[in-house]
Amino acid sequence: MAFFKVPSCGVLLLLFFIATCFLFQCFAAEVEVNQTARLLVDASQGRLIPETLFGIFFEEINHAGAGGLWAELVSNRGFEAGGQNIPSNIDPWAIIGNDSSLIVSTDRSSCFERNKVALRMEVLCDSQGTNICPVGGVGVYNPGYWGMGIKQGKTYKVVFYIRSLGSVNILVSLTSSNGLQTLATSNIIASASDVSNWTRVETLLEAKETNPNARLQLTTSRKGVIWFDQVSAMPLDTYKGHGFRNVLFQMLADLKPRFLRFPGGCFVEGEWLRNAFRWKASVGPWENRAGHFGDVWMYWTDDGLGYFEFLQVGISHTDEVDTSAVLPFVQEALDGIEFARGDANSTWGSVRAAMGHPDPFDLRYVAVGNEDCPKKNYRGNYLKFYDAIKRAYPDIGIISNCDGSSSPLDHKADFYDFHIYTSANDMFSKTHKFDHTSRTGPKAFVSEYAVTGNDAGTGSLLAALAEGGFLIGLEKNSDVVAMASYAPLFVNANDRRWKPDAIVFNSAQLYGTPSYWVQQFFRESSGATLLNATLLTNSSSSIVASAISWEDSENAKSYLRIKVVNLGSSSVNLKVSVDGLGPNSIKLSGSTKTQLTSTNLKDENSFMEPNKVVPSLTLLENAAKDMDVVISPYSFTSFDLLRESVSMKMEGTDSFSRSSI
Ligand code: AHR
């Protein structure tokens, strides 16, 4: 299923309806010399951090899905991207041969009702006679998304639909970008009667060589007329067979996200409503999905990564549906929720069941709109969605687009969405953003945050450190902040619509930006216990810290984790004192220090240097409840102190939680 589930972490789903002054010496707020600080931690008391605090936000932006996480290699597999009027543009498909050997066009003869456009190939040359086909034949090729990443020894499943007026003899091949080197090939031979009606063809291709810039060819040397439609090429080994590109999915799994927000962002709305995502057109067999042009990020998606997760709503970027006319959109949303959560016998749940997933998905939250609060019809439309969804699904948490962090919302909501894209200094200062937010009422969902602009480049250490400071603030305020996710998650380096991003890839390579790695420092925070921690420093503007207590479920060990971000230019001698622990309660062996830093604040990772700015782990030689540590300038550091046993009082209760190792 086109459904992100990171099995080990029980990801929740959120659904969205539409309704050079960068060197060390010159960035810091101030130059600090011989800085010292104290961190006082009380390990006897704590407050539970929500299980769902840190998650991920997936948006179809930068070819994150099509040509990215979704492992489909063919772009425009149904020939629909050129529009419904024929003749149409078949881009990125291209022709092998010339006017004297073949004529390629489109017509509306497909057997698929929702997407009628098919490719018609009239082959004029032959293997004998006066018009001999060139060596290798004539036909069409698809270069995928800036080249197909083909790996030696891997098998690729190619599926397509074909019809012909006569017998066919077709070569299905993976080749180099110029077609001269064949990586894998298969010969499809069929009699005229076999292919006189639309027929599904499936073949497996095992690659003999690796090529990051390959293409898929359909060629023949036999005269005749052939129609092709719905041409797909997928690697056999996708993540757990679900169709996701393994390496990219693994990067997500490594973050241990506790929720998934999807599918946008602006993508879901469309610049214009007529180009918004219509979820009903993206479920059912892939061959029967029309695909659509996303006019916000300006590219076509075949909607293989569609299924039930993309929904539509009553507000786009530009046009708005009047509240008096919004009910059909509300019904569309209810149908969408039924598709995700309904019984397998319900109208839309049965469609999901027919796709191989009879069990409902764990959809818990619905956001109405995206950054739409200022719009004229937002409140009116929002309330229609709110009332209808709550009536049918009282347990679903509804997320408003209006900011409730400074003053109370003027409408009912379970959560409010909070987005922040800003400079590094401002992001770092926002560590205190929620310190004074009302402790009652809807909680915040910080669904998009990132340092952008010059400070960030395409993903700098500086941006990551500032975000780290912000996240420490969210962790401390997790009584009023329920969820948080970085944005955007992915970028195909061939199509940067937005920068920076957490994970950068092309057809064959990938790396995490420093912002990606900062998120890894927080992956144990969800469901952990926040400890009281007080930082005493002579310069609070450039250093922040927090302390949590967490358990490693894999080895049942308990740790006390101290995280410190130093955005200053000087190292800090930090004296840590942990109260509430017995003598010898910290084990020396097994305690570690993990640090993210680099020689230059503006350092970034790249395909050439994917590990330039990544965390490094060392043993913590002097681990103890009282210890002196040195925090490097411009660094994110975490100290994981392995505990002998845990005994602590939870805030607001009289009970002690205990575990021992
Ligand atoms: O994350 C990129 C874009 O930023 C999202 O689509 C939108 O919600 C925000 O403006």
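Refer to the structure presented above.
Sequence order as written defines residue numbering, which begins from 1 separately in each chain. Per-residue local features are limited, in this predicted model, to residues with pLDDT of at least 70; the limit for side-chain atom pairs, both in listing and counting, is 80 or more; totals at the level of whole chains, interfaces and linings are taken over all residues. With hydrogens and water stripped out, all remaining heavy atoms of the structure feed into the side-chain values.

Observations concerning helix H4 (residues 347-354)
Each full turn of the α-helix corresponds to 3.6 residues, which orients residues three or four apart in the same direction. To sort residues, take the accessible area from a 1.4 Å probe on protein chains only and compare it with the maximum for the residue type: under 20% means buried, over 50% means exposed, and anything in between is partly exposed. Numbering of helices and strands starts at the N terminus; helices are DSSP runs of H or I of at least 4 residues and strands are runs of E of at least 2. Within H4 the residues assigned to the buried category are Trp-348, Gly-349 and Arg-352. Taken end-on, H4 shows its buried residues confined to a sector of 105°, consistent with a single buried face. In H4, those exposed residues whose orientation departs by more than 90 degrees from the buried face are Thr-347 and Ala-354. Contacts from the buried residues of H4 go to helix H3 (327-341). One or two steps after H4, the chain reaches Gly-356, where phi turns positive at roughly 100°. It is the directions from the helix axis to the C-beta atoms whose arc is reported. We call two residues in contact whenever any of their non-hydrogen atoms come within 4.5 Å of each other.

So, the sheet that holds strand E23 (residues 490-492)
Pairing between two strands is assigned when DSSP locates at least 2 bridges connecting them. With mixed pairing, three strands are arranged side by side in an open sheet as E23-E24-E25. Two strands in the sheet have a free side with no partner beyond their single neighbour: E23 and strand E25 (510-512). The mean angle between the axes of side-by-side strands here comes to 15°, regardless of whether they run parallel or antiparallel. Angles run from 0 to 180 degrees between N-to-C directions of axes, and those axes are lines fitted to C-alpha atoms, restricted for helices to the stretch in contact. Against the sheet, helix H2 (residues 246-253) engages E23, strand E24 (503-505) and E25, with an angle of about 10° to E25.

Thoughts on the environment of Trp-198
Mapped onto the elements of the fold, Trp-198 is located in the loop between strand E11 (182-190) and strand E12 (199-206). For Trp-198, a relative accessible area of 17% translates into the label buried. Here the alpha-carbon distance between Trp-198 and Asn-76, two residues 122 residues apart in the chain, equals 19 Å. Apart from the residues lying within four places of it in its own chain, the contact partners of Trp-198 are Ser-109, Ser-110, Cys-111, Ala-118, Tyr-161, Ile-162, Arg-163, Trp-227, Phe-228 and Asp-229. Polar contact criterion, stated in full: a pair of N or O atoms within 3.5 Å, where within protein one must be able to donate a hydrogen and the other to accept it, and residues adjacent in sequence count only if both atoms are side-chain atoms. Within the structure, Trp-198 has its side chain in polar contact with the backbone oxygen of Ser-109 (distance 2.9 Å).

A few points about helix H5 (residues 378-392)
Between its first and last C-alpha, H5 extends 21 Å over 15 residues, near the 21 Å set by a 1.5 Å rise per residue. Turning to H5, its buried residues are Tyr-378, Asn-381, Tyr-382, Phe-385, Tyr-386, Ala-388, Ile-389 and Lys-390. How far a helix is expected to stretch is found by multiplying one less than its residue total by 1.5 Å.

As for the sheet that holds strand E5 (residues 102-107)
The sheet built from five strands is open, its strands ordered E5-E6-E14-E9-E12 with antiparallel pairing. The open sheet is flanked by E5 and E12, the only strands paired with a single partner. Neighbour-to-neighbour, the strand axes of the sheet open up by a mean angle of 30°, direction not taken into account. Taken together, the five bridges between strand E6 (residues 118-123) and strand E14 (residues 224-235) define a ladder with antiparallel strand orientation. Within E14, the position partnered with Leu-119 by the bridge is Phe-228.

A look at the pairing of strand E18 (residues 363-368)
Across a regular strand the side chains alternate sides, sitting on one face of the sheet and then on the other. Most of E18 sits inside the fold, with five of its six residues counted as buried. As paired elements, E18 and strand E19 (residues 397-400) share three bridges and run parallel to each other. Note that in E19 the partner of Ala-367 across the bridge is Ile-399. Here a crossover is taken to be right-handed if, once the strands point away from the viewer, the path from the first strand over the helix to the second is traced clockwise. The β-α-β motif built from E18, the intervening H5 and the parallel element E19 has right-handed crossover chirality.

Considerations on the nonpolar core
In these notes, a set of buried Ala, Val, Leu, Ile, Met, Phe, Trp, Tyr and Cys residues joined through side-chain atoms within 4.5 Å is what counts as a nonpolar core. Counting 98 residues, the largest nonpolar core has Phe-434, Val-446 and Phe-490 as its most contacted members. Per-element tally for this core: the top contributor is helix H7 (residues 461-476), with 10 residues. One finds Val-140, Val-158, Ala-190 and Ile-226 within the second-largest nonpolar core, a separate group that totals 40 residues.

A few points about the site of the ligand
Only a single heavy atom is needed: when it lies within 4 Å of a molecule or strand, its residue is near that molecule or strand. Around the ligand, the structure places 13 residues, and the nearest of them are Glu-59, Cys-266, Asn-370, Tyr-421 and Glu-448. Here an oxygen atom of the ligand and a side-chain polar atom of Glu-371 are 2.9 Å apart. Contact between the ligand and Glu-448: an oxygen atom at 2.6 Å from a side-chain N or O atom of the residue. Where accessible areas are quoted, they stem from the Shrake-Rupley method and a 1.4 Å probe; at the residue level, only the protein chains shown are allowed to cover. Burial of the ligand by the protein chains amounts to 95% of its free accessible area of 280 Å². Within the shell around the ligand, the residues separate by chemical class into seven nonpolar, three polar and three charged. Side-chain classes are defined by residue name, with Ala, Val, Leu, Ile, Met, Phe, Trp, Tyr, Cys and Pro counting as nonpolar, Asp, Glu, Lys and Arg as charged, and the others, Gly among them, as polar.

Function-wise, these values are silent; they only describe arrangement.
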